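The residues making up each chain are set out below.
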Amino acid sequence: MDLNTLYRTVIMDNYKNPKNKGLAHTDDYHFVHLNNPSCGDEMNVEIKVEDGVIKDIRQDGHGCSISMSSASVASDLLKGMTLDEALRICNVFFELVQGIDPENEEELGEAIAYTGVRQFPARIKCATLAWKAIEKAIEEVKLNVK
Ligand code: ZN
């Protein structure tokens, strides 16, 4: 199996069997909605934060396989991280799809499968939509920290 086939498998597996799918709709989660008009993707995320750590991430939406699978991968990878670590990993992912190879690709886990998106600029917003939504949720939670 070559690398591109492996990456495609990661994307299709997460599209067909998404992780953390379905919203909690409870007060202990912070909700963010984002959309990607160029492709028609709609993304909802919820994060549950305790003591500066992301205890849970829920995601739901509809759209293309790139955006939906990426929400699954992001929710799985970022869950359990501190807010600052998750923000840092989001930025490593944004750099990845824009063509900058990460210093430590292991910390991106399955998200490394989106390396090829850099060759399709129109799809970058699909790949980053859920990550942007989670980033926004983290920033909003941080602003409200007491
Ligand atoms: Zn899309």
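Look a little higher up for the structure.
Keep in mind that this is a model prediction, so the values were computed, not measured.

## Description of the sheet that holds strand E2 (residues 41-50)
Stage number 1. An order of E1-E2-E3 is seen for the three strands of this open sheet, with the pairing classed as antiparallel. The sheet terminates laterally at strand E1 (30-36) and strand E3 (53-62), the two strands that pair on one side only. Neighbour to neighbour, the strand axes of the sheet diverge by 20 degrees on average, direction disregarded.
Stage number 2. Relative to E1, helix H4 (residues 121-143) is tilted by about 150 degrees, and along the sheet it contacts E1, E2 and E3.

## Some words on the nonpolar core
Stage number 1. In this structure, Leu 78, Phe 93, Tyr 114 and Trp 131 are the most contacted members of the largest nonpolar core, which totals 45 residues.
Stage number 2. Every element with two or more residues in this core is listed here: helix H1 (3-16), E2, E3, helix H2 (65-78), helix H3 (83-98) and H4.
Stage number 3. Tallying contributions element by element places H4 first for this core, with eleven residues.
Stage number 4. The residues touching Tyr 114, leaving out its near neighbours within four places in the chain, are Ile 11, Ile 66, Ser 69, Ser 70, Val 73, Phe 93, Leu 96, Val 97 and Ala 127.

## Focus on the coordination of the zinc ion
Stage number 1. With distances of 2.1 to 2.3 Å, the protein atoms coordinating the zinc ion are Cys 39 (SG), Asp 41 (OD), Cys 64 (SG) and Cys 126 (SG).
Stage number 2. Of note is the zinc ion, whose four donor atoms meet at the metal with angles of 99 to 121 degrees in an arrangement that counts as tetrahedral.
Stage number 3. Read N to C, the donor residues that coordinate the zinc ion are spaced as C-x1-D-x22-C-x61-C.
Stage number 4. Accessibility expressed as a relative area gives 35% for Cys 39, which makes it partly exposed.

## A look at H4
Given 3.6 residues per helical turn, the α-helix brings residues three or four places apart onto the same face.
Stage number 1. Helix length check: H4, at 23 residues, gives a terminal C-alpha distance of 32 Å against a target of 33 Å (1.5 Å per residue), a fit within 8%.
Stage number 2. Along H4, the largest kink reaches about 45 degrees and is centred on Thr 128.

## Concerning the pattern of salt bridges
Stage number 1. Counted according to the given criterion, the structure contains nine salt bridges.
Stage number 2. In this structure, Glu 110 engages Lys 19 in a salt bridge whose closest nitrogen and oxygen atoms are separated by 3.3 Å. In this pair, Glu 110 is assigned in the loop between H3 and H4 and Lys 19 in the loop between H1 and E1, connecting sequence segments 91 residues apart.
Stage number 3. Note on Lys 19: relative accessible area 28%, which makes it partly exposed.

Cut-offs and rules
- Residues numbered from 1 in each chain as written.
- Predicted model: local features only at pLDDT ≥ 70, side-chain atom pairs only at ≥ 80, totals over all residues.
- Heavy atoms only, no water.
- Pairing = 2+ DSSP bridges.
- Helix = DSSP H or I, 4+ residues; strand = E, 2+ residues; numbered from the N terminus.
- Axes fitted to C-alpha atoms, helices over the stretch in contact; angles between N-to-C directions.
- Contact = heavy atoms within 4.5 Å.
- Core = buried A, V, L, I, M, F, W, Y, C linked by side-chain atoms within 4.5 Å.
- Buried < 20%, exposed > 50% of the residue type's maximum accessible area, 1.4 Å probe, protein only.
- Donors = N, O, S within 2.8 Å, 3.2 Å for Na, K, Ca; no water.
- Tetrahedral: all angles 85-135°; square planar, octahedral: opposite > 155°, others 65-115°.
- Expected span 1.5 Å × (residues − 1).
- Bend = angle between axes of the 7 residues up to and from the residue.
- Salt bridge = Lys/Arg side-chain N within 4 Å of Asp/Glu carboxyl O.

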